[in-house]
Amino acid sequence: MKTYVFDMDGVLFRMDDPLPGAAETITLLRNKGGNIYFLTNNSSKSRKEYQEKLARFDIHAELNEIITSAWATGRYFLERNEIGKRVYVVGEGGLREELSAVGMRVTPFRKDTHFDYVVVGWDRQFTYQKMAEAHRAISDGAIFIATNQDSTYPDSDGRTLPGGGAIVAAIETCSGIKPRTIGKPEPYTLELILRLSNTPPCDCMIIGDRLDTDIAIGKKVGVRTGMTLTGVSSKTDIDNAPADMHPDRIWDDLREFADELTK
Ligand SMILES: [Mg+2]
């Protein structure tokens, strides 16, 4: 394979704990000359923050190897010549930072302001007020963009928290409008990586822990898919999965993949 795309949470780490074999696998693949990308639906952190987090786990990444749904949303606007348009954001600091960095006008809500876009991601300070403001901006003609649709986010104790998709669903319900979604399993982010790295789908593999995002996007885009059992989806989930979410390879954790690479 020319290019490997790693989901992060549940594959390389879980909250603040590294997962077994992660750093070793990345090093082995780099030594073999593979391109490495890190792809996450999490919109709350900037690429720089992910770079620092990976470094704490002895994984060294260039900024341009880190693709978050927040950064990809900025890229989406850039590719469509929408830079400079006014955006109302429901999301955290990383999302505002990435959108501002490409030149979007991230603007606080005012009733007399026209918004071109409403961008919604994971927001742990989400309130009724924010929902009402997003609803009003969309009713007044703003285009509704979701960074991702993840229903849950893994918590440190093995349980889950409501994800960005739950917030998107609230705004979708009141506005009656379905958003355009940037993150996995929609094809945009993975197709972007193939374009940036000049890789044909047959020379790419995505490795994730979640069937309905990581494996589903891989199948849609036509790349190889690998799954670790260190995150959200279990062996039973795989057994019950439809064909368009069935991974090509399954490893208990990345130590198994690293062992294969050293054989
Ligand atoms: Mg994951």
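Everything numeric in this text was worked out from a predicted model, so none of it was measured. (Residues numbered from 1 in each chain as written. Predicted model: local features only at pLDDT ≥ 70, side-chain atom pairs only at ≥ 80, totals over all residues.)

What about the overall build of the protein?
Counting its regular elements, the protein contains ten helices and 15 strands. Computed over its C-alpha atoms, the radius of gyration of the protein comes to 18 Å, within 12% of the 18 Å expected for a compact globule of 263 residues. With the C-alpha coordinates of the protein rotated into their principal frame, the extents come out at 65 × 35 × 35 Å. Relative to its 263 residues, the protein shows a buried fraction of 47%. Considering only contacts within the protein whose residues lie at least 6 apart along the sequence, 68% involve residues at least 24 apart. (Helix = DSSP H or I, 4+ residues; strand = E, 2+ residues; numbered from the N terminus. Rg over C-alpha atoms; globule rule 2.2 N^0.38 Å. Buried ≥ 20, exposed ≤ 12 C-beta atoms within 10 Å, placed from the backbone. Contact = placed C-beta atoms within 7 Å.)

Considerations on the pairing of strand β4 (residues 35–40)
Extensive coverage of β4 is indicated by the burial of five of its six residues. Judged from the four bridges that link them, strand β1 (residues 3–6) and β4 form a sheet pairing that is parallel. Paired with V5 across the strands is Y37, a residue of β4. Looking at chain direction, β4 and strand β5 (residues 66–68) are connected through three bridges and run parallel. The residue bridging L39 from the neighbouring strand is I67, located in β5. Assessed by its sense of winding, the connection that carries the chain from β4 through helix α2 (residues 47–56) to β5 is right-handed. (Pairing = 2+ DSSP bridges. Right-handed = clockwise from strand over helix to strand, strands pointing away.)

What about the packing of helix α5 (residues 128–139) against helix α6 (residues 164–175)?
Contact pair α5 / α6: the axes reach a minimum separation of 9 Å and the direction vectors enclose 50°. When the interaxial angle is binned, α5 and α6 end up oblique. For the pair α5 and α6, the sense of crossing is right-handed. Here M131, A134, H135, I138 and S139 of α5 come into contact with α6, specifically with A170, I171, C174 and S175. By residue class, the composition of the contact of α5 with α6 is six nonpolar, three polar and no charged. (Axes fitted to C-alpha atoms, helices over the stretch in contact; angles between N-to-C directions. Parallel < 35°, antiparallel > 145°, perpendicular 65-115°, else oblique. Left-handed = near helix turned anticlockwise from the far one by under 90°. Nonpolar A, V, L, I, M, F, W, Y, C, P; charged D, E, K, R; others polar.)

Here we look at the sheet that holds strand β7 (residues 105–106)
Read across the open sheet, the five strands follow the order β7-β6-β8-β9-β12; overall the sheet is parallel. Two strands in the sheet have a free side with no partner beyond their single neighbour: β7 and β12 (180–181). Both strand β6 (residues 86–90) and β7 contribute to a ladder of two bridges, which runs parallel. By the bridge assignment for β7, R86 is matched with R105. In the packing of helix α4 (residues 93–101) onto the sheet, the strands contacted are β6, β7 and β8 (117–120), and the crossing angle to β6 comes to about 165°. Running at roughly 150° to β6, α5 makes contact with β6, β8 and β9 (143–146) of the sheet.

A word on the sheet that holds strand β13 (residues 204–208)
Taken together, the six strands give an open sheet; going across it, the order is β5-β4-β1-β13-β14-β15, and neighbouring strands pair in parallel fashion. A single partner strand is all that each edge strand has here, and the edge strands are β5 and β15 (249–251). Adjacent strand axes in the sheet meet at a mean angle of 20°, parallel and antiparallel pairs treated alike. Against the sheet, helix α8 (residues 211–221) contacts β13 and β14 (224–228), and its axis sits at roughly 165° relative to β13.

Some points on the packing of helix α1 (residues 22–31) against helix α10 (residues 254–262)
Between α1 and α10, the least distance of the axes is 8 Å, while the angle of their chain directions is 30°. In this view, α1 runs roughly parallel relative to α10, as classed from their interaxial angle. Remark: the crossing between α1 and α10 carries left-handed chirality. Contacts between α1 and α10 involve A22, E24, T25, L28 and L29 on the former and, on the latter, L254, F257, A258, L261 and T262. Residue composition of the contact of α1 with α10, grouped by class: seven nonpolar, two polar and one charged.

Structural notes on α10
L254, F257 and A258 are the residues of α10 that are buried. Buried residues in α10, looked at end-on, bunch into an arc of 100°, giving them a common side. (Arc of directions from axis to C-beta.)

Some words on the domain arrangement of the protein
When its domains are assigned, the protein resolves into domain 1 (3–41 + 184–262) and domain 2 (83–181). Here domain 1 and domain 2 have C-alpha centroids that lie 27 Å from each other. Between domain 1 and domain 2, the residue contacts involve nine residues of the former and five residues of the latter. (Domains from an automatic or database assignment.)

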